Amino acid sequence: MPMKPFLLALALGAAAPTPASAFAAAPVAAPVADTDIQRLVALLAPDEAVTRLAGKAFDTGMDRQIAANPERKAAYAADPAMRQAVGGQLRAQFASALVAALPSLRAEIEGILRTALTPAEVTDMLAFFGSPTGQKVRAEAYERMGSAPGQSPQEMQQAAIAAVMAKMTAEDYPALMAFAGSTASQKMGTVNPRISAASQAWADRLIAANLPKLKALEDKLAADYRARKGGK
């Protein structure tokens, strides 16, 4: 089933994207403790949120596959329960494959952040995205990513920013403005494309590795469902 890349860059940069020129004179990144980088990546890409997002993307992809297959479309239309039974098991199988592959994506993102951010910038990002305001940003980013799978990364980011700003309260602005003025936020202008490319490539590999198995499993599940129904 086709699915959109997870665009983790959106969660990283939704707070306040700024031009790369804003940090042209920033110091060269120093080595960062692995534990800090891992904490940051886990904070931005928790299993639950990524799995939920993958499930939404999978559902969209399956709907498109069904629409493109007249025979399967007619079969599912005639028996919605089969669509639910087969789709549910396929979704679970894909989610399992995704969770198993997620550490490899996190490792790639860790490498990008380790070379791009200073230890102080990692600390700033951990503080912001772990704060109540940062949690709002992360939640809205994932919500927007899951609710509009057909949008481009730029459209998703713009929608997320608008939604986040609409939900900000007076208590949120100090933290938001402080982070927006930090070099960590400013560097997202160049870090985001690298993370987006890495996540796209990772998603493509995941799909290529699992699509044949999922297609074969769908055929088997549909046949088993018909056999059980016919035997009743």
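The structure displayed is predicted, hence computed values, not measured ones. (Residues numbered from 1 in each chain as written. Predicted model: local features only at pLDDT ≥ 70, side-chain atom pairs only at ≥ 80, totals over all residues. Heavy atoms only, no water.)

Undergrad: Mind showing me how you'd approach the packing of aromatic side chains here?
TA: Enumeration according to the criterion identifies three aromatic pairs in this entry. Ring centres of Phe128 and Phe129 lie 5.1 Å apart, and the angle between their planes is 75°; this geometry places the pair in the edge-to-face category. In this structure, Phe128 and Phe129 share a single accessibility class: buried. Grouping aromatic residues by their ring pairs yields a cluster made of Phe128, Phe129 and Phe179. (Phe/Tyr/Trp six-rings, centres within 6.5 Å; stacked < 30°, edge-to-face > 60°. Buried < 20%, exposed > 50% of the residue type's maximum accessible area, 1.4 Å probe, protein only.)

Undergrad: Explain a nonpolar patch on the surface to me, please; I cannot follow it from the model alone.
TA: A cluster of nonpolar side chains, contributed by Met165, Tyr173 and Met177, occupies part of the molecular surface with about 290 Å² of accessible area. With respect to the helices and strands, Tyr173 occurs in helix 9 (residues 173-180). (Patch = residues over 30% accessible without salt bridge, like charges linked within 9 Å, V, L, I, M, F, W, Y side chains within 5 Å. Areas by Shrake-Rupley, 256 points an atom, 1.4 Å probe, with all protein chains shown as cover. Salt bridge = Lys/Arg side-chain N within 4 Å of Asp/Glu carboxyl O. Helix = DSSP H or I, 4+ residues; strand = E, 2+ residues; numbered from the N terminus.)

Undergrad: It is not clear to me how the packing of helix 3 (residues 47-67) against helix 5 (residues 80-116) should be interpreted in this structure. Could you clarify?
TA: Geometry of a packed helix pair, given as the angle between the helix axes and the separation of the axes. Relative orientation of the contacting elements helix 3 and helix 5 amounts to 135°, with a least axis distance of 9 Å. Judged by the inter-axis angle, helix 3 sits oblique to helix 5. Here the hand of the crossing between helix 3 and helix 5 comes out right-handed. Taking contact as the criterion, the partners of Asp47, Val50, Thr51, Ala54, Gly55, Lys56, Phe58, Asp59, Met62, Asp63 and Ile66 in helix 3 are, on helix 5, Arg83, Val86, Gly87, Leu90, Arg91, Phe94, Ala95, Leu98, Val99, Leu102 and Arg106. (Axes fitted to C-alpha atoms, helices over the stretch in contact; angles between N-to-C directions. Parallel < 35°, antiparallel > 145°, perpendicular 65-115°, else oblique. Left-handed = near helix turned anticlockwise from the far one by under 90°. Contact = heavy atoms within 4.5 Å.)

Undergrad: Can you walk me through the pattern of salt bridges in this structure?
TA: A side chain with one charge can pair with a side chain of the opposite charge if their charged atoms come near. This structure, assessed with the given rule, holds eleven salt bridges. Close ionic contact of Asp172 with Lys136 constitutes a salt bridge, the shortest N to O distance being 2.7 Å. On the criterion of sequence distance, the pair formed by Asp172 in the loop between helix 8 (153-167) and helix 9 and Lys136 in helix 7 (residues 132-147) is long-range, its members being 36 residues apart. For Asp172, a relative accessible area of 4% gives the class buried. Residue classification places Lys136 among the partly exposed residues on the basis of a relative accessible area of 34%.

Undergrad: When you look at the nonpolar core in this model, what are you seeing that I'm missing?
TA: The tendency in soluble globular proteins is for nonpolar side chains to be buried as a group. Leu40, Val86, Leu113, Leu117, Met125 and Trp202 are the most contacted members of the largest nonpolar core, which has 49 residues in total. Mapped by element, the contributors of at least two residues to this core are helix 2 (34-44), helix 3, helix 5, helix 6 (119-129), helix 7, helix 9 and helix 10 (183-230). Excluding its chain neighbours within four sequence positions, the residues that come into contact with Leu113 are Ile37, Leu40, Val41, Val191 and Ile195. (Core = buried A, V, L, I, M, F, W, Y, C linked by side-chain atoms within 4.5 Å.)

Undergrad: What is the right way to look at the packing of helix 5 against helix 10 in this model?
TA: Where helix 5 meets helix 10, the closest approach of the two axes is 8 Å, and the angle between their N-to-C directions is 155°. If you check the angle between helix 5 and helix 10, you find them roughly antiparallel. For helix 5 against helix 10, the interelement crossing comes out right-handed. The class makeup of the residues in the contact of helix 5 with helix 10 is 25 nonpolar, six polar and six charged. (Nonpolar A, V, L, I, M, F, W, Y, C, P; charged D, E, K, R; others polar.)

Undergrad: What should I look at first to understand the environment of Pro103 in this one?
TA: Turning to its location among the elements, Pro103 is positioned in helix 5. Separated by 56 residues in the primary sequence, Pro103 and Asp47 have C-alpha atoms spaced 9.9 Å apart.

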